[in-house]
Amino acid sequence: MAKAHGVSNERMNQEYVHILFGMSDAGSLKVTLSALGIRETNQVLAFNESFSIGPLSGLDTITGMQNRQLWMMERDENYSLSQHHNQENQLVRMVQTVKSIPHHANIVIWVADNAHDQTGLRFVLHVLRDRIQPVHIVNVTELYQSAGIHGSDGFVPFYSGAIDRESYLLIVKKYSQGVPLASDQRRGYELDWLRLAEENQMLRLWKDAAIISCDESALDEIILSSVTELEVEQERNQVRKGYVSAGSVFIRVFEVSQQLLGTSFILSGMRALVNQGVLVSRGYSGDLNQFLLRRAQVD
């Protein structure tokens, strides 16, 4: 009982509860809050999910969560291991935790302009739909562009990890309390979640400030063009001919698409193209560094 009472007191001391959609992002925020000397009154929660991919239907129910888990396990052999090591951040536990945030605490949701964060935002607002208290948002992409933080190179970070340490520190220092969502904005996000859950496509992309539901094969052309470009570059530089590493292809797809997608999803797309006979492969297909690819020869 003493332990439970201690946890309760700790929760009561939290003035702000921050919600993020990645373990790395949460770690960066914790370190920065500590550096600013305000960690004690700020709780940081993190979902350990890739919201830009996988099923969304009924995601706040046990059945929906199980369906998603099975889909992820079929496509990512490391998914179960990651879930095991981060049990507090599993979907079912995080939904329970979010629902039980005390009414006195200020909720701050951190996002950037990518389908992963933005889908996660809409899901959390759906989970919190019965909460009367305001919910606050920190959009690091918008702040980096509009708050005089960025340089003159025109760089726009579409995920938090792309922001340099000094700029991120400034964002947290000035805006960690977030901006309260107007009631119509909040309702709009909740409705958008219902749209995404009903469409229930397996891939979501960020385009023109909106989340677009897509078929899993939507990035196939970018994967194929990336393989072709890397083959040409290797030939030009008189490096090995024929095959290119899947790791290099992933980096190229990431840079060209400007979408926050995990390596497992892109790797699954590469394997699908090999199975279709469009690409030819060599090496172990479960490792980006050992998996080699080239375009199939056309007769």
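Cut-offs used in this document
- Residues numbered from 1 in each chain as written.
- Predicted model: local features only at pLDDT ≥ 70, side-chain atom pairs only at ≥ 80, totals over all residues.
- Heavy atoms only, no water.
- Pairing = 2+ DSSP bridges.
- Helix = DSSP H or I, 4+ residues; strand = E, 2+ residues; numbered from the N terminus.
- Expected span 1.5 Å × (residues − 1).
- Buried < 20%, exposed > 50% of the residue type's maximum accessible area, 1.4 Å probe, protein only.
- Arc of directions from axis to C-beta.
- Salt bridge = Lys/Arg side-chain N within 4 Å of Asp/Glu carboxyl O.
- Contact = heavy atoms within 4.5 Å.
- Polar contact = N/O pair within 3.5 Å; in protein donor to acceptor, adjacent residues only side chain to side chain.
- Phe/Tyr/Trp six-rings, centres within 6.5 Å; stacked < 30°, edge-to-face > 60°.
- Lys NZ or Arg CZ within 6 Å of the ring centre and 35° of its normal.
- pLDDT = per-residue confidence, 0-100.
- Core = buried A, V, L, I, M, F, W, Y, C linked by side-chain atoms within 4.5 Å.

A. The sheet that holds strand β4 (residues 135–139), seen in detail. As summarised here, the arrangement of the five strands in space is β2-β1-β3-β4-β5, forming an open sheet in which the pairing is mixed. Because the sheet does not close on itself, it has two edges, and the strands there are β2 (42–46) and β5 (179–180). Taken together, the two bridges between β4 and β5 define a ladder with antiparallel strand orientation. The residue bridging His136 from the neighbouring strand is Pro180, located in β5.

B. View of helix α3 (residues 62–75). Counted at 1.5 Å a residue, the expected span for α3 with its 14 residues is 20 Å, and the 20 Å between its end C-alpha atoms agrees. Those residues of α3 not exposed but buried are Gly64, Met65, Arg68, Trp71 and Met72. In an axial view of α3, the angular spread of the buried residues amounts to 125°, which keeps them on one side of the axis. In α3, the exposed residues that point more than 90 degrees away from the buried face are Ile62, Thr63, Leu70 and Glu74.

C. Inspection of the pattern of salt bridges at higher detail. Taken as a whole and assessed by the stated rule, the structure comprises 11 salt bridges. Measuring nitrogen to oxygen at the nearest pair gives 3.3 Å for the salt bridge that ties Glu190 to Arg187. A residue pair is termed a helical-turn pair when its members lie 3 or 4 positions apart in one helix, as Glu190 and Arg187 do in helix α9 (residues 183–199) at three residues. A relative accessible area of 9% means that Glu190 is categorised as buried. Classification of Arg187 by relative accessible area gives partly exposed; the value is 43%. We note a salt bridge from Glu233 to Arg252, for which the minimum N-O separation is 3.0 Å.

D. Here's a closer look at the side chain of His126. One can find His126 in helix α6 (residues 115–127). Setting aside anything within four residues of it in sequence, one finds His126 in contact with Asp60, Glu190, Trp193 and Leu194.

E. Up close: unusual backbone geometry. Phi is positive for Asn200, close to 50°, though the residue is something other than glycine. Tracing the backbone shows Asn200 in the loop between α9 and β6 (203–207). Given the relative accessible area of 25%, Asn200 is considered partly exposed.

F. Examining the side chain of Arg186 more closely. Looking at where Arg186 falls in the secondary structure, it is placed in helix α9. Of the polar contacts made by the side chain of Arg186, one reaches the backbone oxygen of Arg131; its length is 2.8 Å.

G. Focus on the packing of aromatic side chains. Taken as a whole, this structure holds 12 aromatic pairs when the rule is applied. Through a chain of ring-to-ring contacts, three or more aromatic side chains come together here, namely Phe21, Phe47, Phe51, Phe123 and Trp193. Directly above the ring of Tyr243 sits Arg282, whose terminal nitrogen or CZ lies 4.4 Å from the centroid.

H. How the structure looks around the pairing of β6. Burial analysis of β6 places four of its five residues in the buried class, the great majority of the element. Here β6 runs beside strand β7 (residues 210–214); their pairing, made up of five bridges, is antiparallel. Opposite Trp206, over in β7, you have Ile211 as the bridge partner. Between β6 and β7, which follow one another and run antiparallel, lie two residues, and Asp208 among them has a positive phi close to 55°.

I. Just the environment of Asn237, in detail. Residue placement: Asn237 occurs in the loop between α10 (220–236) and β8 (244–245). In this structure Asn237 comes out as exposed when scored by relative accessible area, which is 54%.

J. Molecular detail of the confidence of the model for the protein. Scored by pLDDT, the protein comes out at a mean of 90, with 91% of its residues at no less than 70. Contacts for the low-pLDDT stretch residues 1–10, under 50 throughout, to residues beyond four places or in other chains number zero contacts.

K. Seen up close, the nonpolar core. With 33 residues, the main nonpolar core has Ile19, Phe47, Val98, Ile109 and Phe123 as its most contacted residues. Those elements that provide at least two residues to this core are β1 (16–20), α5 (91–99), β3 (106–111), α6, β4 and α9. In terms of residue count, the dominant contributor to this core is α6 (six residues). Membership of the second largest hydrophobic core comes to 28 residues, among which are Met72, Tyr79, Leu203 and Ile223.

L. Inspection of the pairing of β1 at higher detail. Within β1, five of the five residues are buried, which leaves the element mostly enclosed by the surrounding structure. Across the two faces of β1 the burial is the same, with Tyr16, His18 and Leu20 and Val17 and Ile19 all buried. Inspection of the sheet shows β1 paired to β2 by five bridges, in the parallel sense. When the sheet's bridge partners are listed, Ile19 is paired in β2 with Leu45. When β1 meets β3, the two strands line up parallel, connected through four bridges. By the bridge assignment, Tyr16 is partnered in β3 with Asn106.

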